[in-house]
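# Close look at the chain arrangement
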Amino acid sequence: MEVHHHPQLNHEKKPWKEYLLEFLMIFLAVTMGFFAETMRENTTEKAHATELAKSLYREVYADSVNMQYRLKLRAAKEQQINYFRKYVKDSSLVQLSSKFYPAFFWTFAVTSVIQFTPNDGILNQLRNSGSLRYFKSIELQNSISRMNVVILNLRNRNSQEDAFVEGFSRPFMQKYYDFDWEDELTRHGKVTGLQAILENPQFAGERPHQIRNIGDFNKGDAEALATHYMLLTRITKLLFYDPYIQANHHLLQELRREYDLE
């Protein structure tokens, strides 16, 4: 049988410096790849954070404008509540002043439209998706957390106001309020009541309007109900709206500082 002999290959040992050089080259390649990936991730996160900050800023700023509008409505409502409660206490309810039904309307019909309801879509996204981690500023994160708390408190307070309206204001209106006056005010449903009363604050109607079920109307009860409602709205502003305004202002400041927003 023919025997095939394999040549013997002699591998010379590399100098240790060559091994060290190969190791260093591999180490540098891995390290540079790691740093490149980290820089790419940081750049992506920074861009994402900037876009989120811009969206959050627009949302919070729009709410700050909306809050000022609701505060103006609440101030107008309080003025009309004061007129209503003083009128039912001191004046004749047979021949009503032309200012009476506008005040009646403001006091008991203008309800949910004076409430501030925040838009917190971006805040919810930050909280639920974990995107809050993109904001590296601890103060900014704290501002967002405070905003979430005051919004929760504010919504709970709105629910309390709604419960008062449904439990007390609505039944009072249904018994004593002349809805024909409001039908005339809104031009039979062509405009909202708020729009109509803002356009024509002293609307009197085409005919004299009276308090329905006047025989059951108790001046003291009506005054107390209106006063209670007025105090309720005042407390809402002091304990819930004012803290929101402060949290809103601070969050806008932090967003401007961190992301140079205007």
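In what follows, the structure referred to is the one given above.
None of these values were measured; they are calculated from a predicted model.

Summed over the entire model, instances satisfying the criterion amount to 26 aromatic pairs. Here Tyr-57 and Tyr-61 contribute two aromatic rings whose centre-to-centre distance is 6.2 Å and whose plane-to-plane angle is 10 degrees, an arrangement assigned as stacked. Taken together, the residues span about one helical turn, with Tyr-57 and Tyr-61 both in helix H1 (residues 16–90) at a distance of four residues. A relative accessible area of 43% places Tyr-61 in the partly exposed class. Here the basic side chain of Arg-133 rests over the ring of Tyr-134, its NZ or CZ set 4.5 Å away from the ring centre.

In this approach the atoms are scanned with a rolling probe the size of a water molecule, which exposes any empty space left behind. Computed from the structure, the largest pocket encloses a volume of approximately 150 Å³. In this structure, the largest pocket is lined by Gln-95, Leu-96, Ser-97, Ser-98, Phe-100, Tyr-101, Trp-181, Ala-204, Arg-207, Pro-208, His-209 and Gln-210.

Our next topic: the nonpolar core. Core analysis: the biggest nonpolar cluster contains 37 residues, and Phe-84, Phe-100, Phe-104, Phe-108, Phe-172, Trp-181 and Phe-217 have the highest contact counts within it. Broken down by secondary-structure element, the contributors of at least two residues to this core are H1, helix H2 (100–109), helix H4 (138–176), helix H5 (179–185), helix H6 (193–199) and helix H7 (219–259). The dominant element in this core, judged by the number of residues it contributes, is H2, at seven residues. Each residue touching Trp-181, except ones within four places of it in the same chain, is listed here: Tyr-101, Pro-102, Phe-105, Ile-197, Phe-203, Ala-204, Gly-205 and His-209. Counting 29 residues, the second-largest nonpolar core is a separate cluster that includes Ala-53, Leu-71, Leu-123 and Leu-154.

Topologically, Ala-53 is positioned in helix H1. Here Ala-53 falls in the buried class, since its relative accessible area comes to 0%. Spatially, the C-alpha atoms of Ala-53 and Leu-261 are 8.7 Å apart, while their sequence positions differ by 208 residues. Those residues in contact with Ala-53 that sit more than four places away from it in its chain are Phe-135, Leu-255, Tyr-259 and Leu-261.

With that settled, the discussion passes to a nonpolar patch on the surface. The grouping of Ile-235, Leu-238 and Leu-239 at the surface amounts to a nonpolar patch, some 290 Å² of accessible area in total. Note on placement: Leu-239 falls in helix H7.

What counts and how
For every chain, the first residue of the written sequence is number 1, and numbering continues from 1 onward in sequence order. Residues qualify for local features only when their pLDDT is at least 70, as the model is predicted, and side-chain atom pairs are given and counted only at 80 or more; totals for whole chains, interfaces and linings, by contrast, use all residues. Only hydrogens and water are set aside when side-chain values are computed; all heavy atoms of the structure are taken into account. The pairing test for Phe, Tyr and Trp rings, Trp by its six-membered ring, is centres within 6.5 Å, and the orientation test on the planes gives stacked under 30 degrees, edge-to-face over 60, and tilted for anything in between. Every helix listed is a DSSP run of H or I at least four residues long, and every strand listed is a run of E at least two residues long, numbered separately from the N terminus. Each residue is placed in one exposure class: buried if its accessible area under a 1.4 Å probe, protein chains only, is under 20% of its type's maximum, exposed if it is over 50%, and partly exposed if it falls in between. We call a charge positioned above a ring when the Lys NZ or Arg CZ atom is no farther than 6 Å from the ring centre and deviates by at most 35 degrees from the ring normal. The rule is simple: put a 1 Å grid over the protein atoms alone, call a set of points where a 1.4 Å probe fits but cannot get out a cavity, call an open set with protein on both sides within 12 Å along at least five of seven lines a pocket, and count a residue as lining if it has an atom within 4 Å of a point. Grid points are joined across faces, edges and corners, and a volume is the space filled by probe spheres set on the points. We call a set of buried residues a nonpolar core when its members are Ala, Val, Leu, Ile, Met, Phe, Trp, Tyr or Cys and they connect through side-chain atoms within 4.5 Å of each other. Contacts: residue pairs with any heavy atoms within 4.5 Å of one another. In this analysis, a patch consists of residues with relative accessible area above 30% that form no salt bridge, clustered at 9 Å for like charges and at 5 Å for the nonpolar side chains Val, Leu, Ile, Met, Phe, Trp and Tyr. Areas reported as accessible are Shrake-Rupley estimates using a 1.4 Å probe. Residue values count occlusion only from the protein chains shown. In what follows, salt bridge is the name for a side-chain nitrogen of Lys or Arg lying within 4 Å of a carboxyl oxygen of Asp or Glu.

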